[in-house]
Amino acid sequence: SACSIPSRPVPHGQEPLGGLWFYKASDDPSSALAGIDEADFASGWRLVDLPGGLKEYGSKSVRSGWLRVRFPAPGKAAATEQVLALGRADALLEPFLNGVPLKPLPDAEAVGSPVRAFVVPPGALRPENLLAIRTSDWQEAGGILEGPVELVTKPAWAKRQPKPPSAVREVQGAHARATYNPNL
């Protein structure tokens, strides 16, 4: 029998997705697709709290797995470009929205990026959505270790990002040389 994660309140402008998700230690690509009953705990799915590390979800030898959550499209979000923020991660993250892979934002592609962020194109969100994330550990904890885990509009995301330094000045003195960066 099907059971689902409790409904999530979704305030306009900020759509939190942290909380209860389904997790399965697996590398099976079919986990990105609809048609899986995550509530069938006999098949290996279990409820986990996100953010969290892979080691918190299973044995210390877990190297990859799938996280899945279902959620309603918030307000007018389906018609606008959104950003899926997946927090601070110590793992390779491959998100799929309704079975379609999401591409990383150009400024979020670097390894060690503070927050992983992916583009959700206009029209990708449906009234009911399935977000599946393949996560592969490459060191230590793995997974999504800290939030935010949310959908935000692209303009709201852009406002959060640190601005490139407009003025980097060199300060020199009799015994010192320093660089001033207003973003530090």
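What counts and what doesn't
Residues numbered from 1 in each chain as written. Predicted model: local features only at pLDDT ≥ 70, side-chain atom pairs only at ≥ 80, totals over all residues. Heavy atoms only, no water. Helix = DSSP H or I, 4+ residues; strand = E, 2+ residues; numbered from the N terminus. Buried < 20%, exposed > 50% of the residue type's maximum accessible area, 1.4 Å probe, protein only. Contact = heavy atoms within 4.5 Å. Areas by Shrake-Rupley, 256 points an atom, 1.4 Å probe, with all protein chains shown as cover. pLDDT = per-residue confidence, 0-100. Core = buried A, V, L, I, M, F, W, Y, C linked by side-chain atoms within 4.5 Å. Pairing = 2+ DSSP bridges. Phe/Tyr/Trp six-rings, centres within 6.5 Å; stacked < 30°, edge-to-face > 60°. 1 Å grid on protein atoms, 1.4 Å probe; cavity = no way out; pocket = protein on both sides within 12 Å on 5 of 7 lines; lining within 4 Å. Points joined across faces, edges and corners; volume = space filled by probe spheres on them. Nonpolar A, V, L, I, M, F, W, Y, C, P; charged D, E, K, R; others polar. Salt bridge = Lys/Arg side-chain N within 4 Å of Asp/Glu carboxyl O.

**Some details on the overall build of the protein chain**
- Tallying secondary structure elements over the protein chain gives 2 helices and 14 strands in all.
- A total of 184 residues make up the protein chain; the buried ones form 39% of that total.
- Partitioning the intrachain contacts of the protein chain with sequence separation of at least 6 by distance along the chain shows that 75% fall at a separation of at least 24.
- Counting only carbon and sulfur atoms, one obtains 58% of the accessible surface of the protein chain, whose full area is about 10,200 Å².

**A closer look at the confidence of the model for the protein chain**
- Per-residue pLDDT for the protein chain averages 74, and the proportion of residues at 70 or more is 66%.
- Strand β13 (residues 169-172) is the least confidently modelled element of the protein chain, averaging 48 in pLDDT, while strand β8 (residues 100-101) averages 94, the highest of any element.
- Predicted confidence for residues 109-113 stays below pLDDT 50, and this span has 4 contacts to residues more than four positions away or in other chains.
- Predicted confidence for residues 167-173 stays below pLDDT 50, and this span has 15 contacts to residues more than four positions away or in other chains.

**Brief notes about the nonpolar core**
- Counting 24 residues, the largest nonpolar core has Trp21 and Leu84 as the members making the most contacts within it.
- Among the secondary structure elements, those contributing two or more residues to this core are β2 (19-24), β3 (46-50), β5 (64-72), β6 (82-89), β7 (91-97), β10 (117-120), β11 (128-137) and β12 (143-153).
- In terms of nonpolar packing, the next biggest core, distinct from the first, is built from 7 residues, Leu105, Ala117, Val152 and Trp157 among them.

**Observations regarding the sheet that holds β5**
- A sheet is described by the order of its strands in space; here 6 strands give the open sequence β3-β2-β5-β11-β7-β8, paired in antiparallel fashion. Looking at which strands have only one partner, the edges of the open sheet turn out to be β3 and β8.
- In the sheet, β2 pairs with β3 via 5 bridges, with the strands oriented antiparallel. The partner of Phe22 across the bridge, within β3, is Leu47.

**Topic: the packing of aromatic side chains**
- Within this structure, the stated rule accounts for 1 aromatic pair.
- Between Trp66 and Phe96 the ring centres are 5.7 Å apart and the planes differ by 45°, which places this aromatic pair in the tilted class. Taken as a pair, Trp66 in strand β5 and Phe96 in strand β7 lie far apart in primary sequence, 30 residues in all.

**Regarding unusual backbone geometry**
- The step from Leu50 to Pro51 runs through a cis peptide bond, and the omega angle for that step is 5°.
- With respect to the helices, strands and loops of the structure, Pro51 is situated in the loop between β3 and β4 (52-53).
- Not every positive phi belongs to a glycine, and Asn98 is a case in point at roughly 55°.
- One can find Asn98 in the loop between β7 and β8.

**A closer look at empty space enclosed by the protein**
- Taken as a whole and assessed by the stated rule, the structure comprises 2 cavities of 30 Å³ or more.
- As a volume, the second largest cavity reaches approximately 30 Å³.
- When its residues are assigned to classes, the lining of the second largest cavity shows 7 nonpolar, no polar and no charged.

**Description of the pattern of salt bridges**
- Using the criterion set out here, one finds 5 salt bridges in the structure.
- The residue Glu38 makes a salt bridge to Arg68 at a minimum N-O spacing of 2.8 Å. Linking Glu38 in the loop between β2 and β3 with Arg68 in strand β5, this pair joins segments that are 30 residues apart in sequence. Of the two residues, Glu38 and Arg68, both sit in the buried class.
- Close ionic contact of Glu94 with Arg134 constitutes a salt bridge, the shortest N to O distance being 2.4 Å. Note that Glu94 is positioned in strand β7 and Arg134 in strand β11, a separation of 40 residues in sequence.
- On the basis of relative accessibility, which here comes to 29%, the residue Glu94 falls in the partly exposed class.
- Among the ionic contacts, a cluster of salt bridges with common partners joins Asp27, Glu94 and Arg134.

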